[in-house]
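Residues per chain are reported as follows:
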Amino acid sequence: MIDTDLRTILYVEDDLHVRTTAKLVLEVIGKFVVRECCSGREALVAAENFYPDLILLDVMMPDLDGLATLSLLRGMPHLADTPALFVTSLTAPDDIERYLDVGAIGVIPKPLVPLRLAGQVHEFWERRPQPA
């Protein structure tokens, strides 16, 4: 069963091709409303007036990487507890442990498989820890 509470996603990815493809798939197949950002700095500005159900972040980005971006987003009261997923090719066990330690609910490995992306997002959403 798909959890219908997941409607909006803040998606941060610096690679234009990956971002465009993923946004299209998430909107068309996943039926999500996606606010896309090309950098961590852009995400911080966009997030001021956006209340996403989920934050989807690339790890390796210039200027602010995904971990630093998530840390700054967590400083915004309305995003302090918003579930986050990292999208990355850095998926060694130590890397994944580091992402989970900063509060991610999971990792979607790159390269993305477009037709699987919406399903992967739903799977992590359904397994996310529930607030107390």
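Residues numbered from 1 in each chain as written. Predicted model: local features only at pLDDT ≥ 70, side-chain atom pairs only at ≥ 80, totals over all residues. Heavy atoms only, no water.

(A) Broad picture of unusual backbone geometry. In this model, Lys-110 is joined to Pro-111 through a cis peptide bond whose omega is 5°. Mapping Pro-111 onto the fold places it in the loop between β5 (106–109) and α5 (114–127). Here Lys-31, not a glycine, exhibits a phi torsion of approximately 60°, which is positive. Among the secondary structure elements, Lys-31 is positioned in the loop between α1 (16–28) and β2 (33–37). Phi at Asp-63 is positive, roughly 70°, even though this residue is not glycine. (Helix = DSSP H or I, 4+ residues; strand = E, 2+ residues; numbered from the N terminus.)

(B) Highlighting the nonpolar core. Ranked by internal contacts, the top residues of the largest apolar core, which has 23 residues, are Leu-10, Val-12, Leu-73, Phe-86 and Tyr-99. Counting only elements with at least two residues in this core, the list comes to β1 (8–12), α2 (40–47), β3 (54–58), α3 (66–74) and β4 (84–88). Here the element with the most residues in this core is α2; it accounts for four residues. Listed in part, the 19 residues of the second largest apolar core include Ile-9, Leu-56, Val-87 and Trp-125. (Core = buried A, V, L, I, M, F, W, Y, C linked by side-chain atoms within 4.5 Å. Buried < 20%, exposed > 50% of the residue type's maximum accessible area, 1.4 Å probe, protein only.)

(C) Spotlight on the environment of Leu-73. Relative to the assigned elements, Leu-73 resides in helix α3. Expressed as a C-alpha distance, the spacing of Leu-73 and Ala-47, which sit 26 residues apart in the sequence, is 7.6 Å. When sequence neighbours within four positions are dropped, the list of residues in contact with Leu-73 reads Leu-10, Ala-43, Leu-44, Ala-47, Ile-55 and Leu-79. (Contact = heavy atoms within 4.5 Å.)

(D) How the structure looks around the packing of aromatic side chains. In total, this model carries one aromatic pair according to the counting rule given. Its guanidinium or amino end placed over the ring of Phe-124, Arg-127 lies 4.9 Å from that ring's centre, counting from NZ or CZ. Across from the ring centre of Trp-125, 3.7 Å away, lies the NZ or CZ of Arg-128, which sits over that ring. (Phe/Tyr/Trp six-rings, centres within 6.5 Å; stacked < 30°, edge-to-face > 60°. Lys NZ or Arg CZ within 6 Å of the ring centre and 35° of its normal.)

(E) Main features of the packing of α1 against α5. Between α1 and α5, whose axes approach to 9 Å, the crossing angle comes to 60°. Relative to α5, the element α1 lies oblique. Like other packed secondary-structure pairs, α1 and α5 cross with a definite hand, here right-handed. Within the contact between the two elements, α1 uses Thr-21, Ala-22, Val-25 and Leu-26 and α5 uses Pro-114, Leu-117, Ala-118 and Val-121. Here the contact of α1 with α5 is built from residues that sort into seven nonpolar, one polar and no charged. (Axes fitted to C-alpha atoms, helices over the stretch in contact; angles between N-to-C directions. Parallel < 35°, antiparallel > 145°, perpendicular 65-115°, else oblique. Left-handed = near helix turned anticlockwise from the far one by under 90°. Nonpolar A, V, L, I, M, F, W, Y, C, P; charged D, E, K, R; others polar.)

(F) A look at the state of the cysteines. All told, the structure shown has zero disulfides when counted by the stated rule. Between Cys-37, a cysteine without a disulfide, and Cys-38, which holds the nearest cysteine sulfur, the sulfur-to-sulfur distance is 7.4 Å. (Disulfide = S-S within 2.5 Å.)

(G) The arrangement of the pattern of salt bridges in detail. Following the criterion strictly, the structure yields seven salt bridges and no others. Notably, a salt bridge pairs Glu-13 with Lys-110, separated by 2.8 Å at the nearest N-O pair. Residue Glu-13 is found in the loop between β1 and α1, and its partner Lys-110 is found in the loop between β5 and α5; the two are separated by 97 residues along the sequence. What makes Lys-110 partly exposed here is its relative accessible area of 21%. With a shortest N-O distance of 3.9 Å, Lys-23 and Glu-36 are connected by a salt bridge. Taken together, the positions of Lys-23 in helix α1 and Glu-36 in strand β2 put the pair 13 residues apart, joining distant regions of the chain. The exposure class of Glu-36 is partly exposed, given its relative accessible area of 29%. Each member of the salt-bridge network shares a partner with another, and the members are Arg-19, Lys-23, Glu-27 and Glu-36. (Salt bridge = Lys/Arg side-chain N within 4 Å of Asp/Glu carboxyl O.)

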